[in-house]
Amino acid sequence: MELLERAAFLEELDALLARAAGGQGRLVLVSGEAGAGKTALVQAFCRHHASDAHVLLGACDALSTPRPLAPLLDIAHAAGGPLQLALERGEPRERLFVASLSELSAGTRPRIVVFEDLHWADDATLDLLRYLGRRVGGTHALLLVTYRSDEVGARHPLRVAMGDLATTNTTRLTLPPLSLDAVRTLLKDSALDPVAVHRRTGGNPFFVAELLATNVPGTPATVRDAVFARVARLSPAAHVALEAAAVIGARVEPRLLQALAAPAVALDECLASGMLHVADDGLLAFRHELVREAVLEALSLPRRVELHRAVLTALRNQSDTGPLVARLAHHAEGADDSEAVLAYASEAGRQAAGLKAHREAVAQYRRALRYADGLPPLPLAELLEALAYQYYLTERHAEAVAAWTQALDLRRSLRDPLKEGDILRCLSRPLWYLGRHADADASVTEALGVLEPLPPGIELGWAYSELARLRMTARQNPEAIAWGERAIAIGERLGDSALLSHALNNVGCARLQSEDEQGWAQLERSLELALAGNHEEHAGRAYANLAGRAIFQRSLARAERYLDDGLAYALDHDVQTYYYTMLHRRPNQLLLQGRWSEAAEAVGQLLARPDVSPRHRIEGLAVLGRIRARRGDPEVATVLDEALQLAAPIGGGWLAVAHAARAEASWLAGDAAGAADEAQRPYEGAIARNERWLVGELALLLQRAGRLGAVPAVAAEPYTRQIAGDWQAAAAQWKALGCPYEAAMALADGDEPALREALTSFERLGARLAAAMVQRHLRQLGVRGLPRGPRPSTRSNAAGLTSREIEIWRLLAEGLRNAEIAQRLVLSQRTVDHHVSAILAKLGVRSRAEAARTFQDHASARSGSRAS
C-alpha cells in the first residue's frame, strides 16, 4: 500500500541518520497505535538507506513468555562477528551489552539498528535499551525502537524504561492516523466509500488496507484475527467487559458497563490494553469501530441477545428514559423483545420527526413496522401514515405510495371517511413526483368525493389546496387560483398557517404563470408563514417555487439568492424532496448564466443518484444535452433520447422541455427540418399554457427552420424582438438579463461588428458549433484573417487541452477513477478513457498521478498569476 502522510517522518529520520554518520548517534522512539504503519515506515527508511548504511533488524515476539533479549539475538545472527561470538559463548549479560554497543560503531558506514515491537519486550531487553540509549549519542548509529502506544499503559515496563531515557539523545516520533484525504487517495480505484471507511477505521492504515484488500461488507478476517489475538491476552473478566461494551455501542458510559457486572479492575485492564480508551467526552470507546464490530461478530446469538436484554433493563431503570428511546429501541430489537421494539421505535420515530431528522424517523418507523404483526388496524394505520409522510419528505416516493396505500385500506376497513379522504389527498403528492400525473389527479378527485359530503374541515382545505397544486403544475391557472382560494378561505377560518402557506404558494405560482406579478407577494407570504410556523416541508416548497419562477422569468440573481437560502434551509431541516428539487433547478440557472462547466458537473452528480425522480432526471438530461450540443461534444443524442423517453408518459411541460432541447441540438447540428419537427410538437401546448419564454424559444427555432407563421402574442420580449429583426434590442435585453449565450445568438443575426462580438462570446463560452456558424457567416461577408485552430479557451493552457479535457483533468486530479468521472459527467467510460489518454499525451506525462500533480502546479500558477 502506498505510504501516505509519512514523508515528514522519513525526512526527519534522514536528517538524524546524517548526524549519526557524523558521530552523533540517536535513539528514536517510533510509536503509534496498532496498525499505524510503524513497521512500514521503518522498512521504507531502511530500504532507502540500504546502500549507504548497515541495517540490523531485531524484534520482540507476542509470546506468553517473552524470548529474553529477542532483538539482540536477531541482530547478532545478522551481524556475526564479536557479538554473535559472545552469544555463542554464553557470556554474561554485561559483556553482551558491551558487544552490542561496539556493534553500533563498527564498520565504516553508519548503523541503523531496529528494535521492533518493544511493547512485548522482556526485562533484559528493556535493560539493553536503557544501556544503549544512554550511550548511542557517541556512536555512528541510529537506534530505532517501535512500540504500540495503545498497549503501553502508565505502569507498563516500557513506559518506565522510556522515562529513564527521557533526558538522553532521544527523539520521539508518533504516527497519527491517516486523514480522510489520504483514505480517499488509497481508495481511488475502489468502489468503497472513503468517508465510511475512514469512520470505521479511524484512519488506521492497517484496517484501511484490509478493507481495501477484501472489498466486501463486514469485518475482514485479518482484522478479526488481529483483534482476537489481543483479546485473547485479556483476563476472563476483562473479556466479558469488552463484550458488554461492544453491545452497548460506540460510546459506553462507565457506570452502565459496571452495572452489567463489569468490575473496575476489568475496565482498568481494557483501558491498559488499549482495547478501550477514554474519549474526549469522558465516555469509554473502542479505538476503532472495526474492533468493536469484530468483538460483536464473535458473540454467539444467545450471548448477544442476553447482553442486549441486560443493557435494555439497565437503561429502563434510569430515571429519565425520554432521551434514550432510540437506544432503547436498538437494544429492544437486539433482545428480540417485540413489545418493547414497537413502543420505543414508534416513539423514537416521533422524536426524530419532531427534530426534523426525517431519515432517522424512517429508520425507526420501519423498525417498529417489522414488529407490528398482530397490531390492531388503527395503530397500524397510524404507524403506516407516519412512515409514509417521512418517506415523502425524504424523496422515497414509491415507498410513500406503498405505505399510504396500505394505510388507506386499513382506514376504509375502519370506516373512517375523514382519514380516507385525507390519505387520498396525501397519495397524490408522491404519485405526481413519480410522474403518474393522471393517478395523482384521480386520487385527489376521489378525496374530494369523500370529503365534500362531510362537514368542512382542515382535511377538505388540504384537498382543495392539493387540487390547486395539480392544476397549477398543469398550467391550468384559472382553475388553480379558484381551488387555491377555497383552500385559503378554510385556512384563514381555521387559522392554519401550514394550509395557508401551501395554498398561497399554489395561487402565487398560478398568478405568475398568468403574468400577474402579484403572485410574487403571495409566494413570499407563503414562505414567511412556513418559516414562522416551522413548517419545513412548506418552507422548502416555497423556496423551490420562488427559485423556479425566478429562473422561468430569467430573473437569475433573484433565483440564485432563493436557491442559496433554500438549499441551506432544506439541508438544515432534512427536507430531501425539496433539497433535490432545488439542486435540480440550479443547473438551469447556471446554463442561462453561461456557467456550463458548473452546470454539467452539477447535473452529473445529480444523475448519479440511483433514486432520482423521473421529472428531475428529465430536467438534468435536457440541460446536459444542450451544453453538449452547444460545445459540439459527443453523446448528445444519448441523453436527449433518454429525456424524451422519460417525458413521453408524463407529457405536459416535461415533454416540452425534452423537445425544446432536442430542437436546439438539431438546429446546431445543421438539421433544420429535424429542429422544426421537434419545436413544433410542444409549440401549441406551450402557447396554451402561456409559457412565454418557451414559446419564444420555439418560435425562434421555427423561424430559423422556415416554418414560423405569425409571431405568437405570448412570446417573451427578447425573442419577439429577435424574430422581428431587432437583434440589437434583443441582444441588449439578454445582456441585461445576464444570459451571454442568448445575447450572442441575437448578435449573430447582426452586422459585421455584431458578428465579431458574437464570435468572441461563443469562443469564451466554448460554444464551438455556434462559433463555427458565425465564422462561416463572416467569411461569406468577405471578412478575412479570422483565427483558425484552437479557441482562446484552449489556447489559454499551454498543453492545448479542450474545455472538456480540462474538466476531466480536474476530476482526475481529485483522484476520481475513469468510471467515476464517467458517472459524474454522464459520459460513457469509453469516452472518458479516450479523453484521459489524450490528456496524458498532451501533457507529456506517463501516469494519472503525474497528470494530477501537473494540474496542481497549473492551478497554483494560475492562482499566483491572479494574485499578482
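The preceding data block contains the structure.
Residues numbered from 1 in each chain as written. Predicted model: local features only at pLDDT ≥ 70, side-chain atom pairs only at ≥ 80, totals over all residues. Heavy atoms only, no water.

**Thoughts on the overall build of the protein**
Here is the rule we go by: Numbering of helices and strands starts at the N terminus; helices are DSSP runs of H or I of at least 4 residues and strands are runs of E of at least 2. Exposure is judged per residue with a 1.4 Å probe applied to protein chains only, and the accessible area is read against the type maximum: over 50% gives exposed, under 20% gives buried, and values in between give partly exposed. Should any heavy atoms of two residues lie within 4.5 Å, those residues are counted as being in contact. Accessible areas in this description were obtained via Shrake-Rupley with a 1.4 Å probe; residue shielding takes into account the shown protein chains only. Counted as positive: Lys and Arg. Counted as negative: Asp and Glu, with His and the chain ends omitted from the count. The atoms used to mark charge sites are NZ of Lys, CZ of Arg, CG of Asp and CD of Glu.
For the protein, the helix and strand inventory stands at 46 helices and seven strands. In terms of overall dimensions, the protein has a C-alpha envelope of 110 × 85 × 40 Å along the principal axes. Sorting the 868 residues of the protein into buried and exposed places 54% on the buried side. Across the protein, the fraction of contacts at a sequence separation of at least 24, relative to all contacts at a separation of at least 6, is 63%. Surface exposure of the protein reaches about 36,500 Å², of which carbon and sulfur atoms provide 53%. Separation of charge centres in the protein, based on 98 positive and 104 negative side chains, amounts to 4 Å.

**Topic: helix H30 (residues 576–592)**
We apply this condition: To estimate the expected span of a helix, subtract one from its residue number and multiply by 1.5 Å.
With 17 residues, H30 extends 25 Å from end C-alpha to end C-alpha; this agrees with the ideal 24 Å at 1.5 Å per step. Most of H30 sits out of view: 15 of its 17 residues are buried. Just downstream of H30, Gly594 is the residue with a positive phi angle, here 80 degrees.

**Things to note about the packing of aromatic side chains**
Selection criterion: Two rings from Phe, Tyr or Trp (for Trp, the six-membered ring) form a pair when their centres sit within 6.5 Å of each other. Planes less than 30 degrees apart are called stacked, planes more than 60 degrees apart edge-to-face, and all others tilted. Only Lys NZ and Arg CZ are tested; either one counts as a charge over a ring when it is within 6 Å of the ring centre and within 35 degrees of the ring normal.
Counted by the stated rule, this structure contains 15 aromatic pairs. Look at Trp432 and Tyr433: their rings are 5.1 Å apart centre to centre, the planes differ by 85 degrees, and that puts the pair in the edge-to-face class. Comparing Trp432 with Tyr433, the two get one shared label, buried. Aromatic ring contacts, followed pair by pair, group Tyr389, Tyr392, Trp404, Trp432, Tyr433 and Trp654 into a single cluster. Here the guanidinium or amino end of Arg486 rests over the ring plane of Tyr464, the centre of that ring lying 5.4 Å away. When the ring centre of Phe552 is taken as origin, the NZ or CZ atom of Arg549, which lies over that ring, is 4.4 Å away.

**Here's the deal with the nonpolar core**
Applied cut-off: Residue types Ala, Val, Leu, Ile, Met, Phe, Trp, Tyr and Cys, when buried and joined through side-chain atoms within 4.5 Å, form a set referred to as a nonpolar core.
Core analysis: the biggest nonpolar cluster contains 213 residues, and Leu242, Leu257, Tyr741 and Phe762 have the highest contact counts within it. With sequence-adjacent residues up to four places away left out, Tyr741 is seen in contact with Trp596, Arg630, Glu664, Leu668, Phe762, Leu765, Ala767 and Ala770. Listed in part, the 36 residues of the second largest apolar core include Ala76, Leu101, Tyr147 and Leu158.

**Some remarks on empty space enclosed by the protein**
Which entries qualify depends on this criterion: A pocket here means an open set of points on a 1 Å grid, computed over the protein atoms alone, that has protein on both sides within 12 Å along at least five of seven lines. A cavity is instead a set of points where a 1.4 Å probe fits but cannot get out; residues with an atom within 4 Å of a point line either one. Grid points are joined across faces, edges and corners, and a volume is the space filled by probe spheres set on the points. Under the convention adopted here, Pro, Cys and the residues Ala, Val, Leu, Ile, Met, Phe, Trp and Tyr are nonpolar, Asp, Glu, Lys and Arg are charged, and Gly plus all remaining residues are polar.
For the structure on display, the rule yields three cavities of 30 Å³ or more. Space inside the largest cavity adds up to approximately 50 Å³. Lining the largest cavity are Leu72, Ile75, Leu83, Ser100, Glu103, Leu104, Val113, Phe115 and Leu132. Of all elements in the fold, only helix H3 (70–79), helix H5 (93–104) and strand S3 (111–116) reach the threshold of two or more residues within the lining of the largest cavity. With three residues, H5 is the largest single contributor of residues to the lining of the largest cavity. Tallied by class, the residues present in the lining of the largest cavity amount to seven nonpolar, one polar and one charged.

**Description of the sheet that holds strand S2 (residues 54–59)**
As a reminder, the rule being used: Pairing between strands requires that DSSP locate at least two bridges from one strand to the other. Note on geometry: axes are C-alpha line fits, over the in-contact stretch for helices, and angles between N-to-C directions span 0 to 180 degrees.
Reading across from one edge, S2-S3-S4-S1-S5 is the order of the five strands in this open sheet, with parallel pairing throughout. Where the open sheet ends on each side, the last strands, each with one partner, are S2 and strand S5 (170–174). With direction set aside, neighbouring strand axes in the sheet form an average angle of 15 degrees. Where S3 meets strand S4 (residues 141–148), five bridges bridge the pair, whose relative direction is parallel. From the neighbouring strand, Val113 faces S4, where its bridge partner is Leu143.

**Here we look at the environment of Ser828**
Mapped onto the fold, Ser828 is located in the loop between helix H44 (818–825) and helix H45 (829–843). Note on Ser828: relative accessible area 29%, which makes it partly exposed. Here the alpha-carbon distance between Ser828 and Pro634, two residues 194 residues apart in the chain, equals 10.0 Å.

**What about the pairing of S3?**
Just so we agree on the cut-off: When the strands point away from the viewer and the connection leading from the first strand across the helix to the second strand turns clockwise, the crossover is called right-handed.
In terms of burial, S3 is largely enclosed, as six of its six residues are buried. The side-chain alternation of S3 yields two buried faces, one formed by Arg111, Val113 and Phe115 and the other by Ile112, Val114 and Glu116. Since S3 and S4 lie parallel, the crossover through helix H6 (residues 123–135) that links them has a hand, and here it is right-handed.

**Some remarks on the pattern of salt bridges**
A side chain of one charge can pair with a side chain of the opposite charge when the charged atoms of the two come close. What counts is decided by this rule: Salt bridge, as used here, is a side-chain nitrogen of Lys or Arg placed within 4 Å of a carboxyl oxygen of Asp or Glu.
Inspection of every chain in the model, using the stated rule, returns 45 salt bridges. Glu560 is the partner of Arg595 in a salt bridge, and the nearest nitrogen-oxygen pair spans 3.4 Å. Of this pair, Arg595 sits in the loop between H30 and helix H31 (596–607) while Glu560 is found in helix H29 (residues 556–572), placing the two residues 35 residues apart along the sequence. A relative accessible area of 28% places Arg595 in the partly exposed class.

**Notes on unusual backbone geometry**
The phi torsion at Glu635 lies on the positive side, around 65 degrees, for a residue other than glycine. Among the secondary structure elements, Glu635 is positioned in the loop between helix H32 (614–631) and helix H33 (636–647). For Glu635, a relative accessible area of 19% gives the class buried. Although it is not a glycine, Asn690 sits at a positive phi angle of roughly 65 degrees. Mapped onto the elements of the fold, Asn690 is located in the loop between helix H35 (672–688) and helix H36 (692–704).

**Overview of the packing of helix H26 (residues 497–513) against helix H28 (residues 536–552)**
Counted only if it meets this: Any angle that falls under 35 degrees is termed roughly parallel, while one over 145 is termed roughly antiparallel, one within 65 to 115 roughly perpendicular, and all others oblique.
Close contact between H26 and H28 brings their axes to 10 Å; oriented N to C, the two are set at 10 degrees. As summarised for this structure, H26 and H28 are arranged roughly parallel, according to the angle between their axes. Contact with H26, carried on its side by Ala498, Ser501, His502, Asn505, Asn506, Cys509, Leu512 and Gln513, involves His538, Arg541, Ala542, Asn545 and Arg549 of H28 and no other residues of that element. Across the contact of H26 with H28, the residue classes tally to four nonpolar, seven polar and two charged.

**A short note on the environment of Ser526**
When you line up the elements, Ser526 lands in helix H27 (residues 518–532). We classify Ser526 as buried; its relative accessible area is 0%. Among all residues touching Ser526, those that are not within four sequence positions of it are Ser501, Leu504, Asn505 and Ala542.

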